[in-house]
Structures are given as C-alpha cells and as structure tokens.
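Listed below, chain by chain, are the residues.
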There are 2 protein chains.
Amino acid sequence: MTKWTYCFGGGRAEGRADMKTLLGGKGANLAEMSNLGIAVPPGFTITTEACTYFSEHGDTYPDELRRQAEDALAGIEKIVGARFGSPTGTLLLSVRSGARASMPGMMDTVLNLGLNDDTVDGLAADSGDERFAYDCYRRFIQMYGDVVLGVEHHHFEELLESHKESHGLTLDTDLTAEDWKTLVTAYHTKVEKQLGTPFPQDPEEQLWGAIGAVFGSWMNPRAVTYRRLHGIPGDWGTAVNVQAMVFGNMGEDCATGVCFTRDPSTGENALYGEYLVNAQGEDVVAGIRTPQPITIAEKRANDSDLPAMEEVIPELYHELQDIRGKLEAHYTDMQDLEFTIQRGKLWLLQTRAGKRTANAALKIAVDMVAEGLIDKAEAVRRIDPARLDQLLHPTLDPKAERRVLAKGLPASPGAASGKVVFSAEDAEAWAERGEAVVLVRVETSPEDIGGMHVSEGILTTRGGMTSHAAVVARGMGTPCVAGAGDIRVDHGAKRMMAGGEVIEEGDVITIDGATGEVMLGKVPTIQPELSGDFATLMEWADEVRTMGVYANAETPVDAETARRFGAEGIGLCRTEHMFFQPERILYMRQMIMSKTEAQRREALEKLLPYQRQDFVDLFTIMAGLPVTIRLLDPPLNEFLPTTERDMAELAEAAGVDVAMVKTRAAQLHEGNPMLGHRGCRLGITYPEIYDMQVRAIFEAAVEVSKAGHTVHPEVMIPLVGMKKEFDIVKEAVDRVASDVMAASGVRLDYLVGTMIELPRAALRAGDIAENAQFFSFGTNDLTQTTLGLSRDDAGNIIALYHQKGIFTEDPFITLDQEGVGELVRIAVERGRAARPDLKLGICGEHGGDPASIRFCQSVGLDYVSCSPYRVPIARLAAAQAALDEKADTGD
Amino acid sequence: MTKWTYCFGGGRAEGRADMKTLLGGKGANLAEMSNLGIAVPPGFTITTEACTYFSEHGDTYPDELRRQAEDALAGIEKIVGARFGSPTGTLLLSVRSGARASMPGMMDTVLNLGLNDDTVDGLAADSGDERFAYDCYRRFIQMYGDVVLGVEHHHFEELLESHKESHGLTLDTDLTAEDWKTLVTAYHTKVEKQLGTPFPQDPEEQLWGAIGAVFGSWMNPRAVTYRRLHGIPGDWGTAVNVQAMVFGNMGEDCATGVCFTRDPSTGENALYGEYLVNAQGEDVVAGIRTPQPITIAEKRANDSDLPAMEEVIPELYHELQDIRGKLEAHYTDMQDLEFTIQRGKLWLLQTRAGKRTANAALKIAVDMVAEGLIDKAEAVRRIDPARLDQLLHPTLDPKAERRVLAKGLPASPGAASGKVVFSAEDAEAWAERGEAVVLVRVETSPEDIGGMHVSEGILTTRGGMTSHAAVVARGMGTPCVAGAGDIRVDHGAKRMMAGGEVIEEGDVITIDGATGEVMLGKVPTIQPELSGDFATLMEWADEVRTMGVYANAETPVDAETARRFGAEGIGLCRTEHMFFQPERILYMRQMIMSKTEAQRREALEKLLPYQRQDFVDLFTIMAGLPVTIRLLDPPLNEFLPTTERDMAELAEAAGVDVAMVKTRAAQLHEGNPMLGHRGCRLGITYPEIYDMQVRAIFEAAVEVSKAGHTVHPEVMIPLVGMKKEFDIVKEAVDRVASDVMAASGVRLDYLVGTMIELPRAALRAGDIAENAQFFSFGTNDLTQTTLGLSRDDAGNIIALYHQKGIFTEDPFITLDQEGVGELVRIAVERGRAARPDLKLGICGEHGGDPASIRFCQSVGLDYVSCSPYRVPIARLAAAQAALDEKADTGD
C-alpha cells in the first residue's frame, strides 16, 4: 500500500530532510525540525506522488489517501488537544503547498481552515476574543473564496472598503467584532451570489477543497511560467502540508516573524530579520505595517526607533537564537526561518536554506569553513558561479554627483540605471527593443516575474526587506530598492513624484541597492572591489580546479582585467577588432580595394607596425602565459565603409572613384556572410594578409622575449573544415615564424592550432589533429552551423521556442549538449586519438557558462576561455565541475 | 630478387593485360597482344615500381635494373636480328611512358634512340635511304635534346627555319640528305653551346638518359596538374616501354595509322580509322597531311577521294580486320589501335579501350550483349551515367564555328540560343511575343521563376553549380551557364560586356550548359534522338537496381517529364515555387503583411484552391506513386516585392501604405537568411500556413482518390533540428489530415517525415525517427551547414579550393562523403535503430550524381530523388551501384 501522508509534530516525524522529492522542501524540513525537537505546529504532508496521481487521474485522489489523512488528522488532534470541526476546542488548519524546489508565492495557501458559523464561536470562546475569531473567519472566507472557489479577491476588498467608508473607519484595526461579523455575512452573501451555492460549512469539505486547490495550483499559468524560467520540471508536482494553525495575531503576546540565521546581504554571522506583534505572517510580507527588528544590532544599523525583539521578549529571542544554532549546526547552512509566537510560545513554521547576496554567500561559505561547519570543497560548491556576476560589475562612483530623490530599503545590492517603466509588461516590451529599464511598482507580485527578469533594477514604494520584490531581486542578483514610501506612483498617468520631481515614463533614474538610494539621471559607476573572502574562495576553487581558465581579450585593458581576475592566458584574441581604429581602418580598406597582391602587400605593410604593437602589449601583460591569436576571420566586406563620406575618403586614399568602392563592396556582398568568404578561406585567397599578421605576432614575440619576458604565442587558424586548409595555412605560419626567428636569432616556443567551429571539422578532427597542435572549440559558430540557426537573426525564434518548450536553454548561452556537444565529444575523441598531447579548449560564449563548463570538464577539455568579467565565474564553475567529477568517479 | 623488367615480342610476353598496375596500360596491352600472337615491335617494360624507386631514391635506379634491362635488350636484338649501337644492322629504340591510366600527351617519348654519328650511316645503309637516316637523326637530336637534355624545342626550330630561309626551301620534304646533315651538325653545335658538353654519342648513355627523363616526367607540372584534375594518385608512377623502332616513313611501302574497332561516333560494328603512307605516327595526329580512310565504306560516307587502305593494301587490311576481331573477342570491348606498316609488314603499337560518344557507347554495349561478348550486367556497367546527359539535351554541332566570349560553370546541360534579356519580366514579355530568349542575370531568385520557365537558356554571372539558377534550370531541363564571372552585366543599360564585346538586349548568344561556354550569335545545335538502345539499356538497369528513383518536381510539366523518364515517384515537391504565379503572389504577400492570425488565415484561404489544384494535378500524374510534398521552406522575405511598383500594388491590396510594406520587409530582413526564420520555424510561428498547405494536400488527395486513382502523399517537414519541432508540426498535420478524411469519408495512406538537412538533425536522428516515418536527406543544406559554406556565395571559394587541391570535387555536386556523408551514415544508423521500417531517401542535388548515388546505395537508402532530366542518369547509376555492391558482397 502506498503511503500518501507523512506525519510530524510532538517531537517526532515520519519524514526527513532528505525526502524533499516526496515531501517537498517545506514538508521535509518541518519533519526534520520536528525530529530535532524544535516546536512546529503538528501536521502532515501529503506527498508529491499524490499530486501526480491527482493530475493524471482527472483531479481525483487515490483511494487510500482519505483514510490516511483521517488518521493523520486524528494524530494532530491528539497532540493539540483540539478537534477539527468541533464547536468547542476547535482545531483549525493551514493548508500550504510545498514543492521540491522553492517557488515563492507561486502556489496557493489557505489559513484558518475549519472555521464555519459554529466553530467561529468556539474559537471566540477558546481565544476569549470574538473580534479575533471573526477576523479569522472573514480572512478564511476571503482566502478560501479566492483560492478554492474562484471568487476573486477584489469582491471581498470592495465589501471591506465600502463597509469602512460607510462607517467612517480607516484602518482594519479600527473594525470591531461586530464589524467583522457584518462583513462575514456580507461575504457569505457575495459567495452565494457569485457561485449559486453557499460557502461550504463542512470542515471536511473545506479541507479536501483546499488540498485540491493546492494540487491544482501546480498547473496554474504563473507556476508554469516560473518553472519554465527556473528550469523546474513540470512532473515534479507539489506536496501539501496540512498543519494545526498557530496564531500570531491573538493578542499582544503574539507575534510573527521571518529571519535569517545570518545577514543575507552581508553574510555577517548574526541573526537578522524582522517581526510584527499581533500579526499574521502575511502582514510581515505585505509591508502594510513596518516590521520591527529582531536584534538590537539591526535596530542600530537601520537607525530604527522600533523596539527589537531582543529587547522586548528576550527569553523568546534567546530561544530563537538557540534554534538558529541548532539548525545551522544541523543543516550546515544559513537558514531562512518563519516563526509565530502564540501566547508566548514560539513555533517554527518553516526553515529552508536562505537566499543571500553573492557577497553574503561568499562570507558565509568562508566563515563556515573557519567555524568547522563545512570543508573547503563544500564552500566551493556552495557558491552559484553565475551570481558572482553581481560582485564583478561596477557600483556607483562615490565621488559622483547625485541627486537623491528618495530613499528606500537596500533590498538587493548593486547599482543600476535605466529608463523608468511602470508595469512588468512595459518592462518586457522596452527590454525587447534593447532599452535598459528600471521597473517601478508600488509592490510586486508573482505575476511581475517576467518584467522583473528583464529589468536592470527594481524599485518599490511598499514592502520590506523580505517583500516579494526584495526576495526575488536578490535571487536574480538584480539591484533593488524596496519600500521607498516617499515616492508617489501614478500608474494611470505613467509617472511618479519623488523629491519634488516629476519622473515620466522613459526618464532615466539610478538606484543603489546597497544604500536604498533613488537618484535622478544616470550616475557614473566604478569597478567593484573584491573582498578577501572572494580571494579566499577563488583560491580554494583554484586548488581543486583541473581545467585552465583563459580569457577572450584583444585590448590591453581587457587583458589587464582578465589577468586581475585570474585568467591564465588568452584563449581568443580576435585580431579583426584591432583593425577598426581610425588610423588603421583606412589601410585595411585600401588593402581590400587593391587589385594586385603587390598593392595589398603595400597596404598591409602599413598595418604591420600597429599590429606588432598590439601583440607587444598583449605579450607583455600576459608574460609567461599562453596567448592564442586568431588570424583574421570576418568577411572583408565588414571592413568597408558604409557612409558616403567614408566611401569618398577611401576612394581618394585608394586613388579610385567612389563608384569603384561601391563596385568592390557589391562584389564582396554575400547572401549569407556567416557561411561565406571568411576565416582561413581569406588566408588561402590572400596569403599576404596572414603573412603580415604572423610576422607581427612573431616580431612582437621576439621583442618581448628580448625584454626578458617569456612568450607563448599560439596561432589559431579559423574556420577550418578540411585538413588541407589547415596544412596550407600552417605551412605559411611556420615559414614566416622561422624567417623571423632566424633573422632575430631568438627561438620561440609556439603552437599552431585551429578553431573547431564547423561540423565537418569536428567530424574530421582526426585528420586535422595530425598537424594541429591545439583545438579551440568555437561553439558560437559551431552552434550556428549545427543548428542551422543564425545567432543574430534568432532572437524571435529562440523566444518562441522557449515558449513552446522546444528550447529549455538558449543554445547560444548554454551549450546544446545533445547536438553541438556530441560534435565536441567526437572531435575530442578523434583529435586525441590522432595526437595524444593535443591541447583542447573552448572559446565560444559557452566558455563562461557554468553548465557548459561542467560539460567541458566531462569531455576532458584542458581549458575554457571567456570574457574577462566571467573569468572568476569560470574559475568557480570549473572547480565545481572538477569536484563533481571527483564525486562521480569516486576519487 | 625484384623483377624490374618484363619482355614482350616474338609471340610471347612475360606480362599480361591484367598487370596494368605494374606495367602501365600500354605495357600490359603490348604484352597481351604479344601473347595473342599479334605482331608488336619487340621490347620490354620497366615497371612502375622502378619509377617509385627512382622518385624515392634521388633519381637513381635499383641495382638489378641495369642487368635485367641488358638481358631484355639482348632479347630484342635476338628477335629483330640487329644490335643496339652497332654501326651496321643497327637496332634503334623507342622509349615511351605508360602509366596505369591514360594521360595523353602528358609525359615524354623519345624515338629513334641509338642513333649517333656512326649508327646513322649504318641506318642509311640498312634502309638504303640516306635522307631518311639523317631525318631520323635530326628528329632524335631534337626530341632527345628537348626531353632529356632540356634544350628547348625552339632552339632547333630556329635553326631549321633559318636553314630553310637561307636555302629558299619551304617544306620539310624539300630538304635533301645534305640539308639534314648540315642541320645535324648545327644541332650538335647548338646542344654543346647550350650545355657545355656535346650531344651524347653513347647509345647506352642515351637509353638511360631517356628512361630517367620518362620517370622524371611523371612529376612534371603538366602531369601533376593532369593527375589532380583527373583524380589520379601521384604514387602510382609510370612504367617505361623500350621497344624496337619500326618505321612507317621508310618509303611508299610504309605507313602508319590509328583506328577504332567500331565507329566511336555511332557505335556501328565496323572498323573505322585513318592512315598515312610513308609517315610517322605523329604526322597522323599533327594534321599536316590529310589521312586516308581505312575502309571503302568510310571513304563513301565521308565523300573522300583518297584511296582507302582496303583498296590499296587489301592483304594488310584483312590482317588488320583479323586483329580487330581477335582483340574485340579478347578484350570484349571496342579498341583504339595504333599501327605501323614497315616495308609491307603490319606492326601493332598500341591497343586500348576506345573513347566513344554516349550514343556509340549505348549501341556498342547493347550490340555486344546480342553478340554474346558481354552480359547485360556488364553492358549496364559499361555506360558512364554522367554521359547520358548529352543524349537528353540538344548539343552544339561540333562542326559549327563558334566565338567563345566567356566561360562559366556547366550548370545545366544542353545548348541553347536566344536573344539576350536582362530581367525575368522581359523574358516573359519577349517570350509571349514568340521570341526565343536567353535570360542573363547576376543571380536568380524565386521571383524569377516565371521568366526562367520561358527562357531557352539561363546565364548568370554569380553562383555555383547549386545556385538557385543552376538547381532550377536543371529541374526544368533548361540549359544554364552559371557563375560566368568575367561577364559584366549592366542591368540599368540592359547590356553586358563579355570577351571584349558589348552585347545589347536583343543580341543573340548561344550557351552550352555542358561546357559552360558562352558564344556570340547563334551556333547550330543537334537535337537529341533517343535510340532503342537507350530504352533497352535502361530496362536492363532497372532489372538490377535496388534503390528507387524519384524526381524533384512541382509543376505538371516537370512531373510528366519525370514520369516519362521513368521516375517512380516525387521525392521533393517544393511548394514555395507554387506561390510565385502572378495570381497567387499577391495573396501570399498579403498574408505576410497581416498583423493578426485572422488576417493571415483570410489570405491563406484565398491561396487554398490554387494549392489544392496543384496537388490534384501532381497526384493525378503520379497516380499510384508516392508524392513527397515539402511544406513551405524559404524565409517569408523572399516573397516580398522588391520593385517600387510591386510594393505599391501590395500596399494597395493590403490596405496599408508603402512605408508599411517597407517596414515589414525590413523586419523580415535577415543577415543570414539561410540560417534564419525558415523551414519548420515558419510553421511553428504561423501554424496557419502549414494548416492551409496540409488541407490542400489532403483535399486534393481525396479528390483524386475519388476519381479512382491511388494517392500516396508524403508530407515532409523541412529544417527540423529538434524532435519537438517535428512533433509539434506532425501533430498539426495529423489533425488536419484526419479532419479532411473525416469530412470526406475517404481514408488515405500517408506518411509524415522530415528533411534531414541540419547536422543536429542527423545526430539526433534517433529521437526524430520516433515519430518521423521517413527521412529525406536534404544534402544541399546539409552540405552548407556541415561545411559552413553558402552555396550561393561559394563560387570563388570552390574554384580556388579546386586549384589548391583542397577540393577534388565540388561538394555541392558530389557528396562530401567524409564529412557530410558521415552525418548521413549516422542518421541512417540511428534512424533505423529507432524505427526499422523508416523510409530513407535523398533529395539534394546529389541525388542525381552518380558518385553520390553509389554512396547512397552503400549506406542503404531506399531511394534517390533528382531533377527530372537526371532520372535516367540516376537509374543507371543506381543500377551500377547495386552491381558493385553485389560484387563486393560476393552475392
């Protein structure tokens, strides 16, 4: 018989933390806390398998479930000493979703379940507070009505508002028990009017309705979108947690709060959070009342004049501290807790690994190693490489002038500038056409996810550090200022008023998620400075990493950045970028306009000194490290002028008329330049171009070598598809190299290799490796040719394919392992078979993508190369990949 | 001990005809003739292995060779009764190259070897003709000087000319023995002056010098180029044939001739050739004297007044006829013979398989089966499929004068003349009024279809063998010369510049699509006539063929042509070509301009009846046979108007302004349309387009089915890369199909499959085949993506790569088996593993290429599909492939 329910509470549980697949994250952790002796409201978890059953059997439950649930409910009743549905000593329940992965706010919750016209009076009697009981009841009707019965929220809100208005009341707290009673009646009437049937009074019916609604919510469009964005499979299903209600709003000795076991922004090893007295959990998150700090330290840090929990209820505060210690020791990770205090008793409602900023993640990981909680390898595993991004990008220049319009909470660190938009939809539309936007909302809701994703920054006027906007923004690494209450937003008119200014849609603002400041216009930024923890963690990563990490760089600035970030060489220097500088482009164009080889050589001769200096700079910066230089790759057409003025200038310089320039451009025009006259095809057509580049490389190498630095040039021949292409160009490279070496008397170690960027090259890797000393996988082009999809033209297609579930990842960001990856695997295998010491790397965009780096490790590449700012990400991802491999092979 | 020499002559030989690898073609056949008792001048062959030794050992000979050659020479002396180097009764030798494959004129020959200042007088005495002897001597010095000593020909020519001039002589025949003596002295002086050493008098030294020169000539640039062009490996080496000289120029009882055992033009079973009395072999070929016919029949046929050999020397003529019979019976093939008559004795100098026209080849093969010389399978093997082309298209009259203006690629066979027009519109207008036109474009696009259809021939200045113009022309059987890059077209002025001529619109040119030549004016052509032998041979081919042969066709005319040529179905119907007719293109464009799906459906609704009728026609013509219909493939941009007038018309029809039309065109513009929004990506973006097409297919199938024909529609989804793409479209196809079938009550057998034209599709063939019922390899696109080479832009690259030896074949004509072929092999293997009854075919241009067809057989495809005019070629090539396979597997 299948076990569909797992009980917990009273210091015991049937489940465990490692049963997340079956019980969901919340359920598994509730069981674990119960096992640890931490007080959680007793309850039971209905498994994710029941959800799957429900979906697959036309929204019906498995037979045994009802009986198992009855037994479990009886267990709760026994622990609590109250009975579900009983008019006195009544047990109320919460029904919450809980999937394997956290999907905050995506699915539904029903609280206070079990209330009806009879039990509400029992609750009034038990609590001694009729107002409380009716407030609970109306909340329940509202929530159940919305979630289970489909009577939309606004119906109830309207009734509440009109009641307040007609009775001259402002705040919910102004309403008396009688007011709530009246509203409960009004709510009942509304529900019956909407549905044609009365609100269900039977607690059993209520319970199964709520369970069904939670299961059903797994498939709601919001949840489906969220899963698509986060790569969560649809067949996981959600569990349902049914628990005895505890109330934080039963009086002044009640409270509710959320906290982190360490500071989620800085990682500081101290309890961090906020709570509200006499409130329900949703009140903290909703941001209607400003929550109070938990610790005195927090209070000081935030200049708050609200009393801290530490001051007000020190004994419960210390109990919370004990629990914090117990959970961290147990989970060996920073936890995000929800708690409720009911009449002086502390109940834990949830624990889970806490979301944190990248900086906090680093500090926590490094601290925990020092504290002996985890080892270095675990610390390395703990950091999501992608999130290092937020440490590596510029922050506001402190010296820059700024006009601060308002201040909110520093909800997610980082600075961002962009044009103001007032809806998630607008954010998506504007971002699509390439605009940087800052999304401004009163508060955000899960519906806004798409717009939040594409925004540079997020600004809300309501809500705290744990509001939806703040949590989600931190998760995404997007700068966010939350609860900037001085700002007034007029959504209809698409404008906001702040600091005496009117900001219209499209005006630029800057937000600083580290200070909470909102500024007018674009404020200059500076380079980030990396903490000692960063360096420590990177050092640990480097200790376990087996692949090299190179950078794609061609300018001295890029090369210096790359070296600063720990690059171990240059994996791709795209020489074409070097020809666009104004003093060079004219010679380049003259070369292209030339009719004879002699003319071309003459123009190239003028480019030689520039090109040589480029390489002198790179070799000097990268002294001792390999520098991989790709010979000219793009079609010549790309260098030709497009404006009439530039054409005229070129015509004059080349001694021809403008018509001739246009004719040449037309000759060079190609229908599909990506598949055209480029790469080594150029070098074979005009060997003098590559001759010049190779001469520049080796003359530079000689010069830098004479200056006392070690130089390792690696000459990379692009777009090879046939062994013979490679051989022809390699022969020329070797010839020029030996000429230069002979002339200078300097011997240089160098390699000649190729990009593998065509399917044919991958298939024929065995031939090509006979003479090629290294392969660098040019996975951008390899993806384009393997998928027959132009990266530049594919935007719409990729978006559509995401939507249709054809792509789960953008293949230009994360390597298509099944297709392109197979070609890489084939090339590695055949290349190494032909030449065991073949050096293998990747220099496509994928070289900086953690999932793709893992793949590179698995196929045995020697290094990855990526943009300078992604070097630390790649170092960490490569370390994790090495650790995984070690784990897999049991080393 | 290695045997380096093989003797022949005197009715015996050490070699045989099947030893071509070792003895070369000439040597092996000389040995064979000798064994057959046919008189050949005695001699010996030095093996190709000696040539290889020579090349690999710094131009030295193996030790044993000299002794073996001495023995062999002694053998010749014995047979002939003369001595090499003896002043009286002197033996003279010829030294000729002879490689495994015929390389006419590529390597060197030395005749009359052994002459020196002493032996020349012996020859004079032996022949009784001093003039003859000195003529021989001066020829020898000239030939040996040029070939062996490197004293160029012109030095001797100049001396001869100046002698003639100063003595008032005109013809060589005017020179006396004294004149030749004087010249021999002058030649000697010249050689000594050039080289610093005298002309070698020692016959031994002469012999080894000549042998070394022949071996050396294997590596001369001419020979290297020839081998590259003809795919002959460089390591084969050449043999050397050393033979006793026989003289056809020793008097009036001497002669020399060449003949074929059957007429090489018609295949008629009769001796055919010509000879010259008192002449050396080179005189026949040189064409200075008009040769005489061999047979009286020839004499009559050619209206010759020269006496035939049959009349003049009937006894030798009959001897030649006997030899002809003996050789044909022995070789079972038509032979090309060289003979010399010295003083009334007939000597055979060479026999080899004779070259012949395609018509002759057919007749000879069919006749020889009737004669019992060969079997049907051998007859099928004998015909080069590629040469059938000339039987199916008009060819230039070989006797006609022609002024060649330029040369392009032979893109679609056949010759055509017509007035030059420079736009498809003009072509249509001119054709309408009855003019024969040749359409000249830089390149063509689908818009030009109408104009291409009515043109006699098509000439483009850009694009390769698989450019749009070439593919479409071949499909229509219209002659086409593509990529004639030397022609400059001025569309504005409606003229073109070629070969120094200015051709105005309306001027007549002729193109030969079999050679790529473009000629001025009208050059007379010969219409093809298909003989009964053709039908017979095709029938025999079909008996052994195991692969099906389908055609690529979309118009009724093409489909009828295909069926007439024996196509067994349609393997590729490109539906996009159907939308360019004037009454349809506007709806197509309206569809593209639509903003909503509803608007698109409205426009598509108007296209539906046309599209349905297209399929009714095709299904009717192809009744009982499969018809594979590819859903819309090209980017929508291709359908949009390019001229202002058409844009205005569209704007009006679509109810928008012209700017909107331009905006939409700009939106649809892609940098690399080949890798863009096309194929099934269109069908997934706008499902309504495919819905319309599928509806048209099945409604047509129902209609034709109701008319009593069997219909086998096969719906082909283009450009699939991911299984899910296929599944999405297939689901829609099945839905529409079952709707139509349900509505009509007619059940149809149909298949849904895909083109395999992306590397990813080939790699993921296993997934895709789970739901795909057939694969058709779209090897045009698969070649483009695998090689990263756009066929439209690749003309220059392919030419360059040929020159550099990177390509031996144009990969768009003959499948790149190592690269693209491996992907095909992978796809076949994985596809069949997933679905054993998967139907497999090819519909790229390669489907009509014999070498590629052989590959298709080897990987186990079920059918090939090609343009209608190539169907007979494919049938024959497929038959040969099947025979080869049978031979390989020993069945």
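Notes on the structure in this doc start here. Given the structure is predicted, the values throughout are model-derived calculations rather than measurements.

About the thresholds
Residues numbered from 1 in each chain as written. Chains lettered and ligands numbered in written order. Predicted model: local features only at pLDDT ≥ 70, side-chain atom pairs only at ≥ 80, totals over all residues. Heavy atoms only, no water. Helix = DSSP H or I, 4+ residues; strand = E, 2+ residues; numbered from the N terminus. Rg over C-alpha atoms; globule rule 2.2 N^0.38 Å. Buried < 20%, exposed > 50% of the residue type's maximum accessible area, 1.4 Å probe, protein only. Contact = heavy atoms within 4.5 Å. Areas by Shrake-Rupley, 256 points an atom, 1.4 Å probe, with all protein chains shown as cover. Lys, Arg positive; Asp, Glu negative; His and termini not counted. Charge placed at Lys NZ, Arg CZ, Asp CG, Glu CD. Arc of directions from axis to C-beta. Phe/Tyr/Trp six-rings, centres within 6.5 Å; stacked < 30°, edge-to-face > 60°. Lys NZ or Arg CZ within 6 Å of the ring centre and 35° of its normal. Buried area = accessible area lost by both parts, 1.4 Å probe. Salt bridge = Lys/Arg side-chain N within 4 Å of Asp/Glu carboxyl O. Axes fitted to C-alpha atoms, helices over the stretch in contact; angles between N-to-C directions. Left-handed = near helix turned anticlockwise from the far one by under 90°. Nonpolar A, V, L, I, M, F, W, Y, C, P; charged D, E, K, R; others polar. Pairing = 2+ DSSP bridges.

### Describing the overall build of chain A
Of regular secondary structure, chain A possesses 35 helices and 34 strands. Taken over the C-alpha trace, chain A has a radius of gyration of 32 Å; the compact-globule value for 891 residues is 29 Å, and the two agree within 12%. Its C-alpha atoms give chain A principal-axis dimensions of about 100 × 60 × 50 Å. Across the 891 residues in chain A, those meeting the buried criterion constitute 57%. In chain A, the share of contacts with a sequence separation of at least 24, taken over all contacts with a separation of at least 6, comes to 67%. Total accessible area computed for chain A in this model is approximately 34300 Å², and 49% of it derives from carbon and sulfur atoms. Computed over 87 positive and 133 negative side-chain charges, the separation of the two mean positions in chain A equals 4 Å.

### Let's talk about the side chain of His 155 of chain B
Residues and elements named next belong to chain B. Tracing the sequence through the fold places His 155 in helix H6 (residues 153–167). Overall, the relative accessible area of 14% leaves His 155 in the buried class. Leave out the neighbours within four places in its chain, and His 155 touches Lys 190 and Gln 194.

### Things to note about helix H2 (residues 48–56) of chain B
Residues and elements named next belong to chain B. Among the residues of H2, those classed as buried are Thr 48, Ala 50, Cys 51 and Phe 54. For H2, the arc enclosing every buried residue in end-on projection is 150°, short of the 170-degree limit, so these residues lie on one face. Its buried side turned inward, H2 meets helix H1 (20–35), strand E3 (43–46), helix H8 (203–217) and strand E8 (238–244). Taken from the residues just after H2, Gly 58 is the one with a positive phi, measuring 55°.

### Digging into the packing of aromatic side chains
Tallied over the full model, the rule gives 36 aromatic pairs over all chains. Summarising the aromatic geometry, the rings of Phe 54 of chain A and Tyr 61 of chain A are spaced 5.2 Å apart at their centres and angled 35° between planes, so their arrangement reads as tilted. Exposure remark for Phe 54 of chain A: the relative accessible area of 6% places this residue in the buried category. For the ring pair Phe 579 of chain A and Phe 639 of chain A, a centre distance of 6.4 Å and an interplane angle of 75° mean the geometry is edge-to-face. In this pair, Phe 579 of chain A sits in the loop between strand E28 (570–574) and helix H22 (582–593) while Phe 639 of chain A sits in the loop between strand E29 (626–630) and helix H24 (644–654), placing the two residues 60 residues apart along the sequence. Residue Phe 579 of chain A is classed as buried on the basis of its relative accessible area of 2%. Overall, the relative accessible area of 0% leaves Phe 639 of chain A in the buried class. Three or more aromatic residues joined by ring pairs make a cluster, and in this case those are Phe 54, Tyr 61, Trp 208 and Phe 215 of chain A. In this structure, Lys 3 of chain B packs its charged tip against the face of Tyr 6 of chain B, placed 4.8 Å from the ring centre. The ring of Trp 208 of chain B is capped by Arg 66 of chain B, whose NZ or CZ atom sits 4.6 Å from the centre of that ring.

### A short note on the interface of chain A and chain B
With 46 residues of chain A in contact, the opposing surface of chain B contributes 44 residues. Approximately 4000 Å² of surface area, both sides summed, lies buried where chain A meets chain B, with 57% of it carried by carbon and sulfur atoms. It is Asn 672, Leu 675 and Arg 760 of chain A in chain A that bury the most area against chain B; as a group they hold 15% of the surface buried on that side. The interface formed by chain A and chain B holds 8 salt bridges in total. Glu 818 of chain A is the partner of Arg 764 of chain B in a salt bridge, and the nearest nitrogen-oxygen pair spans 3.5 Å.

### Overview of the packing of H22 of chain A against helix H23 (residues 597–621) of chain A
Residues and elements named next belong to chain A. Contact pair H22 / H23: the axes reach a minimum separation of 8 Å and the direction vectors enclose 145°. When the axes of H22 and H23 are compared, the crossing they make is left-handed. For the pair formed by H22 and H23, the contact residues are Glu 583, Arg 584, Tyr 587, Met 588, Gln 590 and Met 591 on the first element and Arg 600, Ala 603, Leu 604, Lys 606, Leu 607, Tyr 610 and Asp 614 on the second. Of the residues contributing to the contact of H22 with H23, the split by class is 7 nonpolar, 1 polar and 5 charged.

### Notes on the environment of Gln 201 of chain A
Residue and element names in this part refer to chain A. For Gln 201, the position within the fold is in the loop between helix H7 (177–195) and helix H8 (203–217). Sequence separation between Gln 201 and Arg 262 is 61 residues, and the spatial gap between their C-alpha atoms is 44 Å. Setting aside chain neighbours within four positions, we find Gln 201 in contact with Asn 116, Asp 117, Tyr 137, His 188 and Gln 206.

### What to know about the pattern of salt bridges
Within this structure, the stated rule accounts for 112 salt bridges over all chains. One salt bridge connects Arg 139 of chain A with Asp 135 of chain A, and the closest N-O pair in it is separated by 3.4 Å. Separated by 4 residues within a single helix, Arg 139 of chain A and Asp 135 of chain A lie in helix H5 (residues 130–149), roughly one turn from each other. There is no split in this pair, since Arg 139 of chain A and Asp 135 of chain A are both buried. As a salt-bridge pair, Arg 612 of chain A and Glu 699 of chain A come within 2.4 Å of each other at their nearest N and O atoms. Separated by 87 residues along the polypeptide, Arg 612 of chain A in helix H23 and Glu 699 of chain A in helix H27 (residues 687–706) bring together distant segments of the chain. You can call Glu 699 of chain A buried: its relative accessible area is 19%. One salt-bridge network, in which partners are shared between bridges, spans Asp 135, Arg 138, Arg 139, Glu 161, Lys 164 and Asp 172 of chain B.

### Concerning the sheet that holds strand E1 (residues 5–9) of chain A
Residues and elements named next belong to chain A. Taken in spatial order, the 6 strands make up an open sheet running E2-E1-E3-E8-E6-E7, and their pairing is antiparallel. Edge strands, defined here as strands with exactly one partner in the open sheet, are strand E2 (12–13) and strand E7 (109–113). Taken together, the 7 bridges between strand E6 (residues 93–99) and strand E8 (residues 238–244) define a ladder with antiparallel strand orientation. Counterpart to Leu 93 in the pairing with E8 is Ala 244. Against the sheet, helix H3 (residues 63–80) engages E1, strand E3 (43–46), E6 and E8, with an angle of about 160° to E3.

### Quick word on unusual backbone geometry
Residues and elements named next belong to chain A. Of note, Asn 112 is a non-glycine position whose phi angle comes to about 65°, a positive value. Note on placement: Asn 112 falls in strand E7. The class for Asn 112 is buried, based on a relative accessible area of 0%. At Leu 719, a position not held by glycine, the phi torsion is positive, near 60°. Within the element layout of this structure, Leu 719 appears in the loop between strand E30 (712–717) and helix H28 (723–744). Its relative accessible area of 0% is what places Leu 719 among the buried residues.

### Description of the sheet that holds strand E10 (residues 272–277) of chain A
Sheet strands line up and pair through hydrogen bonds in the backbone, either parallel or antiparallel. Residues and elements named next belong to chain A. Spatial strand order, E11-E10-E9-E12-E13: 5 strands in an open sheet with antiparallel pairing. What marks the edges here is a single partner per strand, and that holds for strand E11 (292–293) and strand E13 (345–353). Note that strand E9 (residues 255–260) and E10 share 6 bridges and pair antiparallel. Along E10, the bridge assignment pairs Val 258 with Glu 274. Helix H13 (residues 314–331) rests against E9, strand E12 (335–342) and E13 of the sheet, and its axis sits at about 30° to E13.

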